Amino acid sequence: MASVTIRDVVKAFGATQVIHGVDIEIADGEFVVLVGPSGCGKSTLLRMIAGLENITAGEIRIGERVVNNVPPKERDIAMVFQNYALYPHMTVAANMGFSLKLRGAPKSEIETRVRRAAEILGLIPYLERYPRQLSGGQRQRVAMGRAIVRDPQVFLFDEPLSNLDAKLRVAMRTEIKELHQRLKTTTVYVTHDQIEAMTMADKIVVMHDGIVEQMGRPLELYDRPDNLFVAGFIGSPAMNFLKGHIRGNGGLAFEGPGGVRLPLAVAPGASEGRPAVYGVRPEHFALADDGADAEIQVVEPTGSEIQVVAKVGGEEVIAVFRERHQFNPGDRIRLKPDPRLVHLFDEPSGKRLSA
Amino acid sequence: MTDLALERRARPPMRRITAWDRLKVNRNWLGFWFMMPAAGFLILFLAYPLGLGVWLSFTDARIGRDGVFVGLENYQWLSDDAVFWMSVFNTLLYTGVASAFKFAVGLYLAILLNQHMPFKAMIRAVVLIPFIVPTVLSAIAFWWLFDSQFSIISWSLRQLGLIDANINFLGDPWNARWSVIFANIWRGVPFIAITLLAGLQTVSPSLYEAATIDGASRWQMFRYITYPLLTPIIAVVMTFSVLFTFTDFQLIWAMTRGGPVNATHLMATLSYQRAILGGYLGEGSAIATAMIPFLLAAIMISWFGLQRRKWQHGEAND
Ligand SMILES: Nc1ncnc2c1ncn2[C@@H]1O[C@H](COP(=O)(O)OP(=O)(O)OP(=O)(O)O)[C@@H](O)[C@H]1O
Ligand SMILES: [Mg+2]
């Protein structure tokens, strides 16, 4: 096992630069999730760690060693591809043992190690099958088996669950997490699914257009997003944003669209009249008599909670309630954000205004 | 309401399913009829001439004269004929050496063409040229290349000071054999290279990435990924190649006519010479018929080579 250090890494394909200086520290044994919208450069970064893409500028270290010019096979990493990339002409056992065979490991050792990995993953009954005779979930497990057989320093996963159906995805998510707790191998995991990121990660790295927007523990990102992008990306349903101005006179408040007054607990510096974006998560609304006037548009009960789309000062916001209120479209309610849990962002930079 | 339901159930009982009904939905029966037109063509245009050829080989037919059945006389005659045995030897040598080289060079070229390089499309097109040029034309070109007096090869080697006198390419038996084999390789490589290239392009690049990470060297990637994934298409293309080479006629006929002194006669050219030019239809047919066992053997080998591999998609065999 080893730490991974990514320092000032830049990647360009010809003239187009797709990664613009990324710094990430990954501690030994940590489970780090790279998350971000499609095309932000997650796969590219992962492939640079693997050695499948060369590094235009900057430095990547695995452990103490700078690996910029180390070929993939000497980096001691294992990768699970999105399409699994299983060798179609090899049985499950041969697929898993291939790297050991290439290293010239004795047959008996290959067999015991493949067996051990297959036991962990529940693949024993399938060892003699070919990939085409497996279901998607089983293939996914074989791909993981191929990685763990090698007992590498670092695991790299590139959206390993995106080809699975929703239910299997949840199950595999837990399995991968358990596997990590058991093996404690440093893991870099790429996904564009923020729920996957929240549930699995020790540390999340949110990427956007080739830069790191923020990194930190999942709840840190949820509680204190650094900027509008992270605030909007983490959390489901997404955070509501309302543009307006900070008002200090006559009681601290935020003047939102259509003049609605929203509560603030603390004022950021130089605040009177300052333009800002007011962010509140759907689950941080309460019904209160002194709340903002809202007209219900849509009610979506999911069983465990009720999701309400309502208009506040002409803007749509989403609120989520765990109680079973009797709401109907057209009803007027009073929504009050919890002032201790709201977020303020600078306009137009989008940076968090520290309160 | 209930009445209606009852009425429905009281409908006349279903007709007994007859053998004819079962036949109508039987896929094999249906398939048989779909196959009939093609089979008819094959029988008319392939089986009939083949049968006629075999029949002629048991007669003493000459051009312009129907023969009578003479049993194995033609074959007995051939078994003592040194020229016939030489043509058998030549055919095996020609097929064996040319096919082996065509496979090796074709595979190598295919792998080369599959790499990223500038002017890829143009180079691929250039490779096809030997295949596009009519055989007779390329044979004439080779004829000039191998000419005893004007050969550019001899000339170049002389200029380089490597030899003193022109090489007698097509005049010496072994030189002639290697020359026609070379020409056949030149002509046959593009077909194999392009077919294998098509096969190579079906191999997902992510397999090579996975193999890179698994620690495979370039040779190991070829040995464990490329080659096994290519075996089905290799089996097909090599079967065709062997069959075409074994029955080759044009190239030899245009370059040497079987000479010098029958040294480059293949079974096909010898058969033509005896049957059409010599007029001995029976004997020529016997030579042609003698090719059949060899061809059958080649087909049998490739039949087993062509069996669907267990890992391939599709039903059966697992
Ligand atoms: N070989 C390449 N040549 C040129 N541009 C490339 C190449 N590979 C990727 N890119 C570009 O780099 C950017 C990042 O691509 P990357 O595959 O890393 O995205 P991603 O974050 O993994 O997205 P997704 O979630 O869709 O997989 C994209 O804009 C893409 O167009
Ligand atoms: Mg990707």
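This write-up is about the structure you can find in this document. Everything numeric in this text was worked out from a predicted model, so none of it was measured. (Residues numbered from 1 in each chain as written. Chains lettered and ligands numbered in written order. Predicted model: local features only at pLDDT ≥ 70, side-chain atom pairs only at ≥ 80, totals over all residues. Heavy atoms only, no water.)

Side note on the interface of chain A and chain B
Thought 1: The interface is formed by 25 residues belonging to chain A together with 21 residues belonging to chain B.
Thought 2: Counting the surface chain A buries against chain B, the share from its top three residues, His89, Leu102 and Arg132 of chain A, is 32%.
Thought 3: The tally of links from chain A across to chain B stands at 2 salt bridges.
Thought 4: With its nearest N and O atoms 3.7 Å apart, the salt bridge here joins Arg150 of chain A to Asp214 of chain B.
Thought 5: Linking chain A with chain B are 7 residue pairs in polar contact (both at pLDDT 80 or more), by the criterion used here.
Thought 6: For the side of chain A that touches chain B, the elements supplying multiple residues, two or more each, are helix H1 (42-50), strand S6 (77-80) and helix H2 (92-102) of chain A.
Thought 7: It is H2 of chain A that provides the largest number of residues to the side of chain A that touches chain B, a total of 4 residues.
Thought 8: Classifying every residue of the side of chain A that touches chain B by side-chain character gives 15 nonpolar, 4 polar and 6 charged. (Contact = heavy atoms within 4.5 Å. Buried area = accessible area lost by both parts, 1.4 Å probe. Salt bridge = Lys/Arg side-chain N within 4 Å of Asp/Glu carboxyl O. Polar contact = N/O pair within 3.5 Å; in protein donor to acceptor, adjacent residues only side chain to side chain. Helix = DSSP H or I, 4+ residues; strand = E, 2+ residues; numbered from the N terminus. Nonpolar A, V, L, I, M, F, W, Y, C, P; charged D, E, K, R; others polar.)

Overview of the side chain of Glu213 of chain A
All names here are of chain A.
Thought 1: Within the secondary structure, Glu213 sits in strand S10 (residues 211-216).
Thought 2: For the buried Glu213, no salt bridge is present, and the opposite-charge side chain at shortest range is Lys351, 7.4 Å distant.
Thought 3: Polar side-chain contacts of Glu213 include one of 3.0 Å to the side chain of His208.
Thought 4: Excluding residues within four positions of it along the chain, Glu213 makes contact with Val206, Met207, His208, Asp226, Asn227, Phe229 and Val230. (Buried < 20%, exposed > 50% of the residue type's maximum accessible area, 1.4 Å probe, protein only. Lys, Arg positive; Asp, Glu negative; His and termini not counted.)

Notes on the pairing of strand S15 (residues 285-301) of chain A
Residues and elements named next belong to chain A.
Thought 1: Where S15 meets strand S18 (residues 332-337), 7 bridges bridge the pair, whose relative direction is antiparallel. Within S18, the position partnered with Asp293 by the bridge is Arg334.
Thought 2: As judged from the 7 bridges shared by S15 and strand S16 (residues 306-312), these two strands associate in the antiparallel manner. Within S16, the position partnered with Glu300 by the bridge is Gln307.
Thought 3: The hairpin formed by S15 and S16 contains 4 residues between the paired strands, and Gly303 there has a positive phi angle of roughly 105°. (Pairing = 2+ DSSP bridges.)

Things to note about the sheet that holds S10 of chain A
All names here are of chain A.
Thought 1: One open sheet holds the 6 strands; their spatial order is S6-S7-S8-S3-S9-S10, and the pairing between them is mixed. Of all strands in the sheet, those with a lone pairing partner are S6 and S10, marking the two edges. Adjacent strand axes in the sheet meet at a mean angle of 15°, parallel and antiparallel pairs treated alike.
Thought 2: Inspection of the sheet shows strand S9 (residues 203-208) paired to S10 by 5 bridges, in the antiparallel sense. Within the sheet, the bridge partner assigned to Ile204 lies in S10 and is Gly216.
Thought 3: In the packing of helix H5 (residues 166-183) onto the sheet, contacts are made with strand S3 (31-35), strand S7 (154-158) and strand S8 (186-191), and the angle to S3 comes to roughly 145°. (Axes fitted to C-alpha atoms, helices over the stretch in contact; angles between N-to-C directions.)

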